[in-house]
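# A closer look at the structure
Okay, here's what each chain looks like letter by letter:
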Amino acid sequence: MCSRKSPLCVRMASLVAYDDSDSETETEPARTVNPEGQMDDASDVTRPSGTGFVSHTVDMTKEGVQHTGHSPYQDPGDQRLPLARIWRSHPGSCPSQRLQWPSKDPDTTFSTSELPRPLWMSRAPASHVPLAAACLKPVKPAWDALHSPSQTQSKVESTARNASSFQRKRGEDCVVPYTPKRLRQLQALNPEAGGGKDLEPPGPPSGCAPAPLCVAPTVSEFIQPYLNSQYRETKVPKKVLFHLRGHRGPVNSIQWCPVFCKSHMLLSTSMDKTFKVWNAVDSGHCLQTYSVHSEAVRAARWSPCGRRILSGGFDFALHLTDLETGTQVFSGRSDFRITTLKFHPKDHNIFLCGGFSSEIKAWDMRTGKVVKGYKATIQQTLDILFLQEGSEFLSSTDASTRDSADRTIIAWDFRTAAKISNQIFHERYTCPSLALHPREPVFLAQTNGNYLALFSSVWPYRMSRRRRYEGHKVEGYAVGCECSPCGDLLVTGSADGRILMFSFRTASRACTLQGHAQACLGTTYHPVLPSVLGTCSWGGDIKIWH
C-alpha cells in the first residue's frame, strides 16, 4: 500500500478524476458499484442542480469518493485510455489500491508539468475548457452528427446519436457548444436538422459569382389571364398569401419585376448585405441570394429589361448583376454611402445615384463613369423621382430648418443640372420617400409629420391643401408609399407595423392591416395581378397579401 503523498498516487487520482469535456463521442454508459460488488448501469443518475462541470460528477461522502462520470481519456495518437474505477473499502485505503487496467491497452504516463487539477479542487466556470484537454485532443465534430438530429433519450444506438446526446447534455449544464460553420450551413439547407424552416440557403462566398437564375420560359398561370386586360381594378387584400423569411436583417425595400410576363419575381434588399429574388406568386420560394456587397444594401432596382439588377450599399460600391449568368456587367465605386438609385425612364444606360452626400450623380454604365453631378447645400439625399419622361426629376433631402423645410424637395433639370425649384414643400418635416401617381399629374411625398402630402407634378409643383392622407406613423423610419396600378388606392407602411390604404379621391381610409411586428418599411402593388400587395418590415420578413 502506497502513502497518500506518493507521486504515483497523486498522478493516478488526478488522471481518474479528470475528464475531457470536449470529447465528441461516448463509448459506454457510466457504472457504479452496488453493495453486492456488481457493476450497475448508472446512466439514469440524476445530476445535482447547479453543477458547473460538463460530463463528470464526483460525490463526496463520508465513506469515500464515488466516481460516476464517463468519457474515455484520449491521447494525441488516438490511443484510448480506459476508464479507471476507484472505490475505497475503508477511510485509510489508497486510491491506487484497487486500480484496474485491462492488459490490451498500452500504459501511458503524463509528465508532471501536464498534470491536471482534480475536479474537487477546481472552481472553474461551466464554460471553462481545461488546458490538458486542449493539448490532448483537438475538438473535431463527428461527420455523422451533421446529418442526424437525434431527439431520443433512450439507449445509445449509433455514433451520431452519441454525439447528439452529448451536445444535449452540455446544453443542460448551461454550456453552449460551438457549432462549426459547415454545420450551420447544412442546418440552413436542411430544415429538419437546423430547426429553422424559414431560413434560405446562404449566398455564395465573397468573390464568387452566384449560380445563374433559372426562370421558367412560360408565364405564371396566375399572371397569364391578366396580361391582355386593359383595366384592372384593385381591391383591398384580406389575407396573407405567402410569408417570406430568409433575410437576417431589416428589409429596406421590395420591387416586382417590371416586365409583366416575369412579374412573379420579387426583389428584396436588406441590411444583411444581400439582396434576394423570390418567386412571390407561385411558390413563395427564394430563387437566388446575391452577396456582392460587403456592407448593408440600402438600394437595389430592377433594370427595365428585367434581366439585371442594379444595387448600391453602404460599402460605396455599385454593381449591375446579370441574373442569367450571375456575373457583374458593371461595377463602380462612389465616394459616399448609397441610399437611393433610379434608372432613367428613356435611356436605360443612365441612372441616378444619391446618398450621404450633398451631390447626386448620374452614371453611364457603358463607360462606367459619372457623366453629371447635381449639387445642393444638403447633407443627404433620401429619394429620387423622375418626372416628365425623364426631363426633370425630384430629390428629397434631409434639409430642414426650425420654421420651414427649405430645400426639402428640389426639382432639377436633368440635362442642364439646374435647379427648377427648391421651394416646393414649406413645412418643417423631411420626406423619406416619393411616389408618382400612374394616371394623374401628381406625386405623393411621405413626411415625418405622419401624413402623406399630395403635390402637382408640373411647375410650380403646388401642394394640395385639401387632401392629406394621415393616420400612420413614420417616426424617423424610411417608410415607403405607393399608388395602385389603377390609381384608386394609396398604400403606406407605418412605424408600428400596420399597412394603411386610402382612397385617392376622398383621402378616407379604406383598410388597415395588422401586418408586421416591427416597422413596415416598404409597400408595393403587383403591376398585373389585382389586389396583390407586397410588404416588408424592419424585422426582416416579407408578406404577400391577396
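Residues numbered from 1 in each chain as written. Predicted model: local features only at pLDDT ≥ 70, side-chain atom pairs only at ≥ 80, totals over all residues. Heavy atoms only, no water.

## Quick notes on the overall build of the chain
The helix and strand inventory of the chain stands at five helices and 34 strands. With 546 residues in all, the chain has 47% of them scored as buried. Pairs at least 24 residues apart make up 49% of the contacts formed inside the chain by residues separated by at least 6 positions. Accessible surface, the chain as shown: approximately 27600 Å² in total, 50% of it carbon and sulfur. (Helix = DSSP H or I, 4+ residues; strand = E, 2+ residues; numbered from the N terminus. Buried < 20%, exposed > 50% of the residue type's maximum accessible area, 1.4 Å probe, protein only. Contact = heavy atoms within 4.5 Å. Areas by Shrake-Rupley, 256 points an atom, 1.4 Å probe, with all protein chains shown as cover.)

## Points about the nonpolar core
By size, the foremost hydrophobic cluster in this structure holds 17 residues, and its most contacted members are Leu244, Trp256, Leu266, Ile542 and Ile544. Counting residues per element, the ones that place at least two in this core are strand E7 (240-245), strand E8 (251-256) and strand E34 (541-545). Per-element tally for this core: the top contributor is E8, with three residues. Among the nonpolar cores identified, the runner-up in size contains 16 residues, and Ile424, Cys431, Phe443 and Phe455 belong to it. (Core = buried A, V, L, I, M, F, W, Y, C linked by side-chain atoms within 4.5 Å.)

## Some remarks on the state of the cysteines
Evaluated as defined, the whole model comprises zero disulfides. Distance from the sulfur of cysteine 483, which forms no disulfide, to the nearest cysteine sulfur (cysteine 481) is 7.3 Å. (Disulfide = S-S within 2.5 Å.)

## Describing the side chain of threonine 274
Relative to the helices and strands, threonine 274 is located in the loop between strand E9 (265-270) and strand E10 (275-279). Residue classification places threonine 274 among the buried residues on the basis of a relative accessible area of 10%. Only 2.8 Å separates the side chain of threonine 274 from the side chain of aspartate 272, close enough to count as a polar contact. (Polar contact = N/O pair within 3.5 Å; in protein donor to acceptor, adjacent residues only side chain to side chain.)

## Brief notes about the pattern of salt bridges
Here the structure, examined in full by the defined rule, presents 10 salt bridges. As a salt-bridge pair, lysine 361 and aspartate 335 come within 3.0 Å of each other at their nearest N and O atoms. In this pair, lysine 361 sits in strand E18 (residues 359-364) while aspartate 335 sits in the loop between strand E15 (328-333) and strand E16 (338-343), placing the two residues 26 residues apart along the sequence. Here lysine 361 falls in the buried class, since its relative accessible area comes to 13%. Judged by relative accessible area, aspartate 335 falls into the exposed class, the value being 54%. Beyond isolated ion pairs, a larger network of salt bridges with shared partners links Asp347, Asp364 and Arg366. (Salt bridge = Lys/Arg side-chain N within 4 Å of Asp/Glu carboxyl O.)

## Remarks on the pairing of E10
Counting buried residues along E10, five of its five residues qualify, which places the element largely inside the surrounding structure. Along E10, one buried face is formed by Phe275, Val277 and Asn279 and the opposite face, lined by Lys276 and Trp278, is buried too. With five bridges joining them, E9 and E10 adopt antiparallel strand pairing. Looking at the pairing, methionine 265 lines up with asparagine 279 of E10. In this antiparallel pair of consecutive strands, E9 and E10, the connection spans four residues, and lysine 273 shows a positive phi of 75°. Bridge analysis of E10 against strand E11 (residues 285-290) gives five bridges, and the strand direction is antiparallel. In the sheet register, phenylalanine 275 faces E11, and the bridge partner there is tyrosine 290. Here E10 folds back onto E11, and the loop between the two strands holds five residues, one of which, glycine 284, carries a positive phi near 80°. (Pairing = 2+ DSSP bridges.)

## Describing the packing of aromatic side chains
This structure, assessed with the given rule, holds 17 aromatic pairs. Measuring from ring centre to ring centre gives 5.0 Å for tyrosine 374 and phenylalanine 393, while their planes differ by 85°; the resulting arrangement is edge-to-face. Taken together, the positions of tyrosine 374 in strand E19 (residues 369-375) and phenylalanine 393 in strand E21 (residues 392-397) put the pair 19 residues apart, joining distant regions of the chain. The same class applies to tyrosine 374 as to phenylalanine 393, namely buried. In this arrangement the basic side chain of arginine 468 is found over the ring face of tyrosine 451, its NZ or CZ atom lying 3.9 Å from the centre. (Phe/Tyr/Trp six-rings, centres within 6.5 Å; stacked < 30°, edge-to-face > 60°. Lys NZ or Arg CZ within 6 Å of the ring centre and 35° of its normal.)

## What about the UniProt feature "repeat: WD" (unreviewed entry) in the chain?
The UniProt record marks residues 244-279 and 290-331 with the feature "repeat: WD" (unreviewed entry), using the residue numbering of this structure. The distance separating the terminal C-alpha atoms of residues 244-279 is 10 Å; by composition the span is 0% helix and 53% strand. (UniProt positions renumbered as here; feature names shortened; annotations may be inferred.)

## Re the pairing of strand E27 (residues 463-470)
Pairing between strand E26 (residues 451-456) and E27: four bridges, direction antiparallel. Opposite leucine 452, over in E27, you have tyrosine 469 as the bridge partner. Between E26 and the antiparallel strand that follows it, E27, lie six residues; tyrosine 461 among them carries a positive phi value of about 60°.

## Some details on the sheet that holds strand E25 (residues 442-447)
Strands sit in the order E24-E25-E26-E27 across an open sheet of four strands; the sheet is antiparallel. Among the strands making up the open sheet, the edge pair consists of strand E24 (433-436) and E27. The mean angle between the axes of side-by-side strands here comes to 25°, regardless of whether they run parallel or antiparallel. Pairing analysis gives six bridges linking E25 to E26, with the strands arranged antiparallel. For threonine 447, the partnering residue across the bridge sits in E26 and is tyrosine 451. (Axes fitted to C-alpha atoms, helices over the stretch in contact; angles between N-to-C directions.)

## Quick look at the sheet that holds E11
Pairing in this open sheet of four strands is antiparallel, and the strands run E8-E9-E10-E11 from one edge to the other. Two strands bound the open sheet, and with one partner strand each, they are E8 and E11. Within the sheet, the average angular offset between the axes of one strand and its neighbour, ignoring direction, is 20°. With five bridges joining them, E8 and E9 adopt antiparallel strand pairing. When the sheet's bridge partners are listed, tryptophan 256 is paired in E9 with leucine 266.

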